[in-house]
Number of protein chains: 2
Amino acid sequence: MKTLNARLIAVSGLLSVGFAGQHSIAAADKTKTSHPNFIIILADDMGYGDMGAFGHPTIKTPNLDNMAHQGQRWTNFYVAAPVSTPSRAGLLTGRLPVRTGMCSEKRRVIFPDSKGGLQASEITIASALKTKGYATACIGKWHLGTYSPDYSPNAHGFDYYFGIPYSNDMDRVDGPDYFSAITKPKIDYFNVPLMRNSEIIERPADQTTITKRYTQEAVNFIKQNKEKPFFIYLANSMPHVPLFRSKEFENISLRGIYGDVIEELDWSVGKILSALKENGLDENTFVIFTSDNGPWLIFNEFGGSAGLLKGGKGGTDEGGMREPTIFWWPGKIKPGVVMDMATTMDILPTFCKLAGAKLPNDRIYDGFDISPVIFGTGPDPRDVVFYYRGTQVFAIRKGAYKAHFITQSEYGPDAKAIQDPPLLYNLNVDPSEKYNIAAKHPEVIAEIKKILQEHLSTLVPVENQLEK
Amino acid sequence: MKTLNARLIAVSGLLSVGFAGQHSIAAADKTKTSHPNFIIILADDMGYGDMGAFGHPTIKTPNLDNMAHQGQRWTNFYVAAPVSTPSRAGLLTGRLPVRTGMCSEKRRVIFPDSKGGLQASEITIASALKTKGYATACIGKWHLGTYSPDYSPNAHGFDYYFGIPYSNDMDRVDGPDYFSAITKPKIDYFNVPLMRNSEIIERPADQTTITKRYTQEAVNFIKQNKEKPFFIYLANSMPHVPLFRSKEFENISLRGIYGDVIEELDWSVGKILSALKENGLDENTFVIFTSDNGPWLIFNEFGGSAGLLKGGKGGTDEGGMREPTIFWWPGKIKPGVVMDMATTMDILPTFCKLAGAKLPNDRIYDGFDISPVIFGTGPDPRDVVFYYRGTQVFAIRKGAYKAHFITQSEYGPDAKAIQDPPLLYNLNVDPSEKYNIAAKHPEVIAEIKKILQEHLSTLVPVENQLEK
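Residues numbered from 1 in each chain as written. Chains lettered and ligands numbered in written order. Predicted model: local features only at pLDDT ≥ 70, side-chain atom pairs only at ≥ 80, totals over all residues. Heavy atoms only, no water.

Draft legend 1. Layout of helix α13 (residues 442–456) of chain B. Residue and element names in this part refer to chain B. Between its first and last C-alpha, α13 extends 21 Å over 15 residues, near the 21 Å set by a 1.5 Å rise per residue. When α13 is considered as a whole, its buried residues turn out to be V444, I445, I448, I451, L452 and H455. Down the axis of α13, the buried side of the element spans an arc of 120 degrees, and every buried residue falls inside it. Seen from the buried face of α13, the exposed residues on the opposite side, beyond 90 degrees, are P442 and K450. Of the surrounding elements, those touching the buried residues of α13 are α5 (97–100), β11 (384–389), β12 (392–398), β13 (401–407) and β14 (417–426). (Helix = DSSP H or I, 4+ residues; strand = E, 2+ residues; numbered from the N terminus. Expected span 1.5 Å × (residues − 1). Buried < 20%, exposed > 50% of the residue type's maximum accessible area, 1.4 Å probe, protein only. Arc of directions from axis to C-beta. Contact = heavy atoms within 4.5 Å.)

Draft legend 2. Just the environment of D169(A), in detail. Residue and element names in this part refer to chain A. With respect to the helices, strands and loops of the structure, D169 is situated in the loop between β4 (160–163) and α7 (178–183). Judged by its relative accessible area of 11%, D169 is buried. Placed 73 residues apart in sequence, D169 and P242 show a C-alpha to C-alpha distance of 6.0 Å. Excluding residues within four positions of it along the chain, D169 makes contact with Y178, I182, F190, H240, V241, P242 and W296.

Draft legend 3. Molecular detail of the packing of aromatic side chains. Residues and elements named next belong to chain A. Taken as a whole and assessed by the stated rule, the structure comprises 46 aromatic pairs over all chains. Taken together, a centroid distance of 5.1 Å and an interplanar angle of 75 degrees make the contact between Y48 and F54 edge-to-face. Exposure class is identical for Y48 and F54. Each is buried. Ring geometry for F77 and F327: centres 5.8 Å apart, planes at 80 degrees, overall edge-to-face. Note that F77 is positioned in strand β2 (residues 72–78) and F327 in strand β9 (residues 325–328), a separation of 250 residues in sequence. Considered together, F77 and F327 belong to a single accessibility category, that of buried residues. Between R322 and the ring centre of Y48, over which it is positioned, the NZ or CZ distance is 5.9 Å. (Phe/Tyr/Trp six-rings, centres within 6.5 Å; stacked < 30°, edge-to-face > 60°. Lys NZ or Arg CZ within 6 Å of the ring centre and 35° of its normal.)

Draft legend 4. Expanded view of the pairing of strand β7 (residues 230–235) of chain B. Residue and element names in this part refer to chain B. Burial analysis of β7 places six of its six residues in the buried class, the great majority of the element. Covered by surrounding structure in β7 are F230, I232 and L234 together with F231, Y233 and A235, the residues of both alternating faces. When strand β1 (residues 37–43) meets β7, the two strands line up parallel, connected through five bridges. For L42, the partnering residue across the bridge sits in β7 and is A235. By the bridge criterion, six bridges tie strand β3 (residues 135–140) to β7 in an arrangement that is parallel. Pairing of G140 across the sheet is with A235, part of β7. (Pairing = 2+ DSSP bridges.)

Structure representation (structure tokens):
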């Protein structure tokens, strides 16, 4: 069920970079052209349906909509896990969190008291790009370990870090119960630190201005690095609850406070793309917008919407792991809708290919170089997606078909339910996972079971970092 | 909860037409400019989520997406009823079907053996525009009566009619059971006529080429009427089941046959907009794309998707009556997303205003002239939407709030359930109607109950045309 995306046509000037990975093309500034800048803008808990370009009726996102119109709207783009820490570990390393010890059933993410983190042996997008002279910044939520300096952004290839290092609802102090603190939030309820590199510069972080300050940091980094290639990983703290936004965005959205927050993120995206244009960098900067996992539905209207997809954050239905994703690179990638499958783990191999950075052969990568899809030069190398919850494979997508081997509500009290035969859905025809067609397709289930066995055979035991 | 749409800015050249309704403005062709052409493209049973611009992940609709980008994407646009006949009666007359006798509980639509229809006393968009010299064509599904010539399109202001006069699943002949006939359709199972004016020209209509032929008819009518103002009401038979598409569209969509059908409709829209451009008429033609009601969910993957909205065809949840709607008029209306409320019943007063056509004062209209919203010159005149099922008000939206007084599944065996207090949702914050807030807002319920009583007092008994 691979789909050739006929609407994407290669841009010849780019190809010599993208596929040869060489520096030898005719361009005014060789260094810049063969080393494009990269920016990943990550939202936190934003749902598949939470912007205009993905169909939301009352959240205004003119900047994201324009970004989608000028670029590529990816409609089958996944994350490595349905919660924060393992999703981010997957994105930055190109590897499933089960290979890095960054996932667990008991403690699903890193907490302020967690002793574990992303090990020094792991290679992130930042550390890979550093080998090619990139200036690198991590702005926003890290969530890959805070106990040891070895787990910090600075230890993982980032020259610069600015942000709240874990979720913005952590470090609770005395106050109302958790649900009340979330639905009527005050800054003082959440004693989260704001850090610049290894230094805490504010505590509790003033979350009302956090999106604005992250944006300013990103714009500054762009301006400061006009003359050399850069990589910015802007991992917004919003719209994870508690929801905060700047004064200018209070009560502006029909969608309520959640809408205000998304509309401030939309403003932020606009600022960053404008900064690229103003500095003459837009045609040399590849920007990706996506989210770390689906909407946190247990918070009702304080959580987002997965649109037509089923489920949300924490679960392995589509709404938990398929994200509203936009690729933007004016003049380099052909605008359109891309329906091919890809994941955040594909970003590392793709950026490395585009920058000519080499990756060591001593480990398994779960990501693919998807530049053939981006530039329309070949078929999608990815035909399978694994849906992990903690350290277990709950579901697998192969082409159009998704088999659920284990089901469990995202945050409900129910135990895991083993599905045998697995539930089977055709996601192309039935994106909302409504019509189980297992009885009709035993051969597909057999094939997916084989993929599962082959996949499991590639796993080796690693120390669980989240339970430390 | 009115929303001023700050993104829409008046185009001064247009205003003198739109608001004065006069013919005296400076333009090369006075007649054309003061009498813009109008085209309504209606889909049949297409859901709110069934195109790219409204968030579908696997249906490719580049023409509709471009139309939305060049025009206005309306995200709170409603129909007069959740099924075909009353919805179409409301659209063409600007009046709720309860005022025209065109709705019923028992027979919810017109059938081939129905003796009733739209009465001669009713004024349609076509008959109103004829007073200003418009050439008028109805192409496609009529569904407002076939028993008498008095109920025909030609009797209601249309110079020309071409189409299948009712639903394409009617006139069943012997064959497999209904569900099988729908899911594995053959043309011969449905002995529906194709008519040109009052003449049957083909029976059974070859439905595989129906979208293509409707498109050709519309393009021909555009070409034939370059020199005078025209109104085309193109009411597609698709994607109502049974689903048929041309050879060229077989198996092209990831979404299966339903996707093939929508992608052919998308092609059709592209052809029509291209014909306008090629004939130099695009800046003088106001085109509206919408659907008659929500997706027919009982047909599973053969029905569409309402996206993030609840429910579908037949019911009064949002998915039944909120439609994927695009307004297009290059150079005249400011592109953007419009979140103001409007309905198909607003089209008649708006077109009449733009064309300077007068409507008689002897009847109640339920539509408003929404040109202030379209051109960004003033607030939305509409603040209330009535959700009728048959002759009963099941729900009312006032501003952001929707109260459900009666609920019933679209096609299930359950009886009506009276809701007292009514279920109350804030549709801006909670478009999926998940969080009942009735207990928190008794004052809103009281206000909506008053609106209901006032509305009911405007109704007078009329003969039920659908039970005849």
